[in-house]
Amino acid sequence: MENREKWMRVRIRLIGFCFILAFGFIIARAFHLQVLGQDLWQQKAVRQHQKTIALTPQRGTIFDRNGEAMAVSVEVDSVYVEPTKVDASRKTIKALAEALSMRTSTIKAKLQSSKGFVWLKRQVAPRESDLVRALDIDGVNYIKEHRRYYPNSEIGAQVIGFTGLDPKGLEGLELEFDTRILGRGGYLVMERDALGRGMSSAGNKVQGGERGNDLFLTLDKNLQYIAE
């Protein structure tokens, strides 16, 4: 009988020690998560409630020797949608397709996407932007991006080159001095709810971004025109 009581006391102490050990582990884990890992979990929480969309950077201007602009980046609208907020009716799809000169099948696919953010069309012409704005459709929003424009048309075009939509240089001086001219693109930061859905577009904001460096040439626009 005495041995059984002694063994019971040992078991009780052993169980108590296990409880103390488990409780100590919980305290240590909580301290690690809430104190030592506080910054990490805060960053993860921000990423869960925010979505960042990369925007095209603003390239620097290319000038001739007299300071005449040969290549400039102008601000234009890019149109994006939050599909869950858009009434994807046949009428809406047709109206957007006509305004943006796009296929109705393309517009329909974009509006039926399960994503919270979808580009409808980037770097649109001013007339297209005006037509879409006139439709005043909920869930269709706009953000300013930069589009490369060559004010002198084809004068010196083979020397200056051109860019893509990104807008990275593809040919000529645009390619040769791309890292100097390109600049740094900003980000559109969108707020999301607990289910990952985009919240009010009024809370969206652009962060970061830096204009690229200008490039001055020895080329003379007028002489180049005469030569061509």
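Below is a short write-up of the structure. Just so you know, these numbers come straight off a predicted model, no measurement behind them. (Residues numbered from 1 in each chain as written. Predicted model: local features only at pLDDT ≥ 70, side-chain atom pairs only at ≥ 80, totals over all residues. Heavy atoms only, no water.)

## Considering the packing of aromatic side chains
Geometry of an aromatic ring pair is reported as the spacing of the ring centres plus the angle between the planes. Operational definition: Any two rings among Phe, Tyr and Trp, with Trp reduced to its six-membered ring, count as a pair given centres within 6.5 Å; such a pair is stacked if its planes are under 30 degrees apart, edge-to-face if over 60, and tilted if neither. A ring is scored as having a charge over it whenever the NZ atom of a lysine or the CZ atom of an arginine sits within 6 Å of its centre and within 35 degrees of its normal.
Scanning the entire structure with this criterion turns up 4 aromatic pairs. What links up through ring pairs into an aromatic cluster is the set Tyr 80, Phe 117 and Trp 119. The aromatic ring of Trp 119 is capped on one face by Arg 122, whose charged end is 4.3 Å from the ring centroid. A cation over a ring is seen here: Arg 133 above Tyr 142, with NZ or CZ 4.0 Å from the ring centre.

## Here's the deal with the side chain of Thr 163
Selection criterion: Helix and strand labels come from DSSP, where a helix needs a run of H or I of at least four residues and a strand needs a run of E of at least two; each type is numbered from the N terminus. Each residue is assigned to one of three classes by its accessible area relative to the maximum for its type, calculated with a 1.4 Å probe on protein chains only: buried under 20%, partly exposed between the two thresholds, exposed over 50%. The contact criterion used is simple: two residues touch if any of their non-hydrogen atoms lie within 4.5 Å.
Turning to its location among the elements, Thr 163 is positioned in the loop between helix H6 (157-160) and helix H7 (172-176). Taking the relative accessible area as the measure of exposure, Thr 163 reaches 16% and is therefore buried. Those residues within four positions of Thr 163 in sequence are excluded, and the remaining contacts are Arg 59, Arg 148, Tyr 150, Lys 168, Gly 169, Leu 170 and Glu 174.

## A closer look at the packing of helix H3 (residues 90-100) against helix H5 (residues 126-135)
Let me state the cut-off plainly: Here an axis means a line fitted to C-alpha atoms, over the contact stretch when the element is a helix, while the angle between two N-to-C directions is reported on a 0 to 180 degree scale. Geometric relationships in this document are graded by angle, where less than 35 degrees denotes roughly parallel, more than 145 denotes roughly antiparallel, 65 to 115 denotes roughly perpendicular, and other angles denote oblique. By convention, the crossing between two helices is left-handed when the near helix turns anticlockwise from the far helix through less than a right angle, and right-handed when the turn is clockwise. The residue classification treats Ala, Val, Leu, Ile, Met, Phe, Trp, Tyr, Cys and Pro as nonpolar and Asp, Glu, Lys and Arg as charged. All others, Gly included, are polar.
Contact geometry for H3 and H5: axes closest at 8 Å, N-to-C directions at 160°. It follows that H3 is roughly antiparallel to H5 by the angle criterion. In terms of crossing hand, the pair formed by H3 and H5 is right-handed. Contacts between H3 and H5 involve Ala 95, Leu 96, Ala 99 and Leu 100 on the former and, on the latter, Glu 128, Leu 131, Val 132 and Leu 135. In terms of residue class, the contact of H3 with H5 is made up of 7 nonpolar, no polar and 1 charged.

## Let's talk about the nonpolar core
When a protein is soluble and globular, its nonpolar side chains tend to lie buried together. What counts here: Throughout, nonpolar core names a set of buried Ala, Val, Leu, Ile, Met, Phe, Trp, Tyr and Cys residues whose side chains join them through atoms within 4.5 Å.
Judged by nonpolar contacts, the single largest core of 17 residues is most densely connected at Val 81, Leu 96, Ile 107, Leu 111, Leu 120, Val 132 and Val 140. Counting residues per element, the ones that place at least two in this core are strand E3 (69-81), H3, helix H4 (104-111) and strand E4 (118-121). Among the elements that line this core, the one with the most residues is H3, at 5 residues. Those residues in contact with Val 140, other than ones at most four positions away along the chain, are Val 79, Tyr 80, Val 81, Val 86 and Val 132.

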